[in-house]
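Chain by chain, the residues run as shown.
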Amino acid sequence: MAEKVRIPRHIAIIMDGNGRWAQKRGLPRTAGHAAGAETFRKIATYCKNIGLEHLTVYAFSTENWKRPKEEVDAIMALLEKYLYEAIEKMERDGIRLNIMGDISPLSPKLRELAVSTSYISERIRGFQVNLCLNYGGRDEIVRAARKFAEDYKSGKATELSEEGFANYLYTKGIPDPDLIIRPSGELRLSNFLIWQSAYAELFFTDTLWPDFSEAEIDRAIAAFSKRSRRFGGI
Ligand code: IPE
Ligand code: IPE
Ligand code: MG
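How each quantity is defined
Residues numbered from 1 in each chain as written. Chains lettered and ligands numbered in written order. Predicted model: local features only at pLDDT ≥ 70, side-chain atom pairs only at ≥ 80, totals over all residues. Heavy atoms only, no water. Pairing = 2+ DSSP bridges. Helix = DSSP H or I, 4+ residues; strand = E, 2+ residues; numbered from the N terminus. Axes fitted to C-alpha atoms, helices over the stretch in contact; angles between N-to-C directions. Contact = heavy atoms within 4.5 Å. Near = heavy atom within 4 Å. Polar contact = N/O pair within 3.5 Å; in protein donor to acceptor, adjacent residues only side chain to side chain. Areas by Shrake-Rupley, 256 points an atom, 1.4 Å probe, with all protein chains shown as cover. 1 Å grid on protein atoms, 1.4 Å probe; cavity = no way out; pocket = protein on both sides within 12 Å on 5 of 7 lines; lining within 4 Å. Sits in = over half its atoms within 2 Å of the grid points. Nonpolar A, V, L, I, M, F, W, Y, C, P; charged D, E, K, R; others polar. Buried < 20%, exposed > 50% of the residue type's maximum accessible area, 1.4 Å probe, protein only. Lys, Arg positive; Asp, Glu negative; His and termini not counted. Salt bridge = Lys/Arg side-chain N within 4 Å of Asp/Glu carboxyl O. Right-handed = clockwise from strand over helix to strand, strands pointing away. Parallel < 35°, antiparallel > 145°, perpendicular 65-115°, else oblique. Left-handed = near helix turned anticlockwise from the far one by under 90°. Points joined across faces, edges and corners; volume = space filled by probe spheres on them.

S.K.: Go over the sheet that holds strand β4 (residues 128-135), please, and point to the residues and values.
M.R.: An order of β3-β4-β2-β1-β5-β6 is seen for the six strands of this open sheet, with the pairing classed as parallel. Looking along the sheet, the strands with just one partner apiece sit at the ends: β3 (96-100) and β6 (201-204). If you compare each strand with its neighbour and ignore which way they point, the axes differ by 20° on average. Examined bridge by bridge, strand β2 (residues 54-61) and β4 share seven bridges and lie parallel to one another. Bridging across to β4, phenylalanine 60 finds its partner in leucine 133. On top of the sheet, helix α3 (residues 69-93) reaches β2, β3 and β4; it is set at about 150° to β3, its chief contact.

This is how it looks when you write it as structure tokens:
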């Protein structure tokens with residue numbers, strides 16, 4: 001890696017482009033998701049090795065239910081497979097796993113796996129992967145507002161501040177992302193971390209997620225290192 005790079009504490013990635021990757025090869029879209037899952041494994045390991053504290057990945061959005069059932073089922077099956085493996089290996093690899101999103105409409109098996117991984121994570125210190133599953137930024141904010149309203153009614157909360165509100169989000173206790181990466185050439189956030197991204201640096205690349213590599217992370221970090229983050233100051 002180039003010299004004088006600043007490793008961000010928290011990188012977030014919109015894992016996009018699986019379908020186009022498959023279509024380009026004349027394969028079914030589901031093959032793209034399988035390839036994308038491999039890329040995720042590789043990139044998570046790399047991010048741990050370079051000393052990142054948090055890697056947050058967008059795996060399935062609250063809007064992705066609009067897709068054909070076969071595609072949704074295939075994505076859920078891949079997530080199940082990944083979580084099974086994670087349960088076996090996360091303690092050995094030192095990877096904490098935190099699922100962010102509304103898991104209630106997921107299959108009982110997936111919900112059970114999500115509970116197990118969070119239970120195992122309590123014993124692990126260090127690098128954390130936040131897997132956004134049935135996650136939507138607007139949904140997250142509305143849920144947080146509802147929870148705050150309940151606490152306010154019961155007297156558990158009195159006033160609302162930015163810091164206080166953040167404690168009602170899935171990302172409670174997690175630093176805001178320093179750098180958000182979106183592959184596949186799309187230039188939008190698609191409802192990802194819309195509260196937390198307020199001062200994130202953005203990095204876009206045309207590479208489709210299954211082709212994404214460690215070198216691409218290095219490129220994003222090198223670009224990040226050159227940015228001047230002012231947070232409204234001078
Ligand atoms: C991202 O890849 C994976 C999910 C949204 C689950 P896409 O499936 O969106 O791939 P493209 O954008 O159609 O190429
Ligand atoms: C964003 O990708 C969601 C995930 C990567 C999980 P989409 O492919 O769903 O986003 P749009 O529809 O192109 O905005
Ligand atoms: Mg897409």
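S.K.: So what's going on with the site of ligand 1? Residues and values would help.
M.R.: The local shell around ligand 1 holds 13 residues, among which Asp16, Gly19, Arg20, Arg29 and Arg67 are the closest. A distance of 3.1 Å separates an oxygen atom of ligand 1 from a polar atom in the backbone of asparagine 18. Protein chains bury 87% of the 380 Å² of accessible surface belonging to ligand 1 in isolation. Given that more than half its atoms are within 2 Å of the pocket grid, ligand 1 belongs to the largest pocket. Of all the elements in the fold, those that place two or more residues in the shell around ligand 1 are α1 (18-24), α2 (29-49) and α3. Looking at side-chain class alone, the shell around ligand 1 contains three nonpolar, five polar and five charged residues.

S.K.: Report on the side chain of arginine 96, specifying residues and quantitative values.
M.R.: Residue position: arginine 96 is located in strand β3. Summary of buried charges: arginine 96 has no salt-bridge partner, and the nearest side chain of opposite charge, glutamate 122, is 7.9 Å away. Looking at arginine 96, its side chain comes within polar contact range of the side chain of glutamine 128, at 2.9 Å.

S.K.: For unusual backbone geometry, give the residues involved together with the corresponding values.
M.R.: Phi angles above zero are rare outside glycine, and serine 184 is one such case at about 80°. As for its placement among the helices and strands, serine 184 is situated in the loop between β5 (179-182) and β6. Overall, the relative accessible area of 6% leaves serine 184 in the buried class.

S.K.: Give me the lowdown on the site of ligand 2, citing residues and values where you can.
M.R.: The immediate surroundings of ligand 2 are formed by Ile14, Met15, Asp16, Tyr58, Ala59, Phe60, Asn64, Arg67, Arg182, Arg188 and Ser190. In the model, an oxygen atom of ligand 2 is placed 3.3 Å from a nitrogen or oxygen of the aspartate 16 side chain. Between arginine 182 and ligand 2, the recorded distance is 3.3 Å, taken from a side-chain N or O atom to an oxygen atom. With the chains in place, 77% of the 390 Å² that ligand 2 exposes on its own is no longer accessible. The cavity where ligand 2 resides is the largest pocket.

S.K.: How would you sum up the pairing of β4? Please name residues and give values.
M.R.: With eight of eight residues buried, β4 lies mostly within the body of the structure. With helix α4 (residues 108-121) bridging β3 and its parallel neighbour β4, the resulting β-α-β unit is left-handed.

S.K.: Now, about the packing of α3 against α4: what can you tell me, with residues and values included?
M.R.: The N-to-C vectors of α3 and α4 enclose an angle of 25°; their axes lie 10 Å apart at closest approach. What the angle tells us is that α3 and α4 run roughly parallel. Once α3 is placed against α4, the crossing between them reads as left-handed. Of the residues in α4, those in contact with Met76, Leu79, Glu80, Leu83, Tyr84, Ile87, Met90 and Glu91 of α3 are Lys109, Leu110, Leu113, Ala114, Ser116, Thr117, Ile120 and Ser121. In terms of residue class, the contact of α3 with α4 is built from 10 nonpolar, three polar and three charged.

S.K.: Describe the layout of surface pockets, with residues and values.
M.R.: Approximately 620 Å³ is the volume attributed to the largest pocket. Every residue lining the largest pocket is counted, 29 residues in all, and those nearest its centre are Met15, Asn18, Tyr58, Ala59 and Asn64. Among the elements of the structure, α1, α2, β2 and α3 are those that each provide at least two residues to the lining of the largest pocket. Of the residues assigned to the lining of the largest pocket, the class counts are 13 nonpolar, eight polar and eight charged. Taken as a whole, the second largest pocket encloses approximately 430 Å³ of empty space. Taken together, 20 residues line the second largest pocket, and the ones lying closest to its centre are Ala166, Pro175, Asp176, Trp195 and Gln196.

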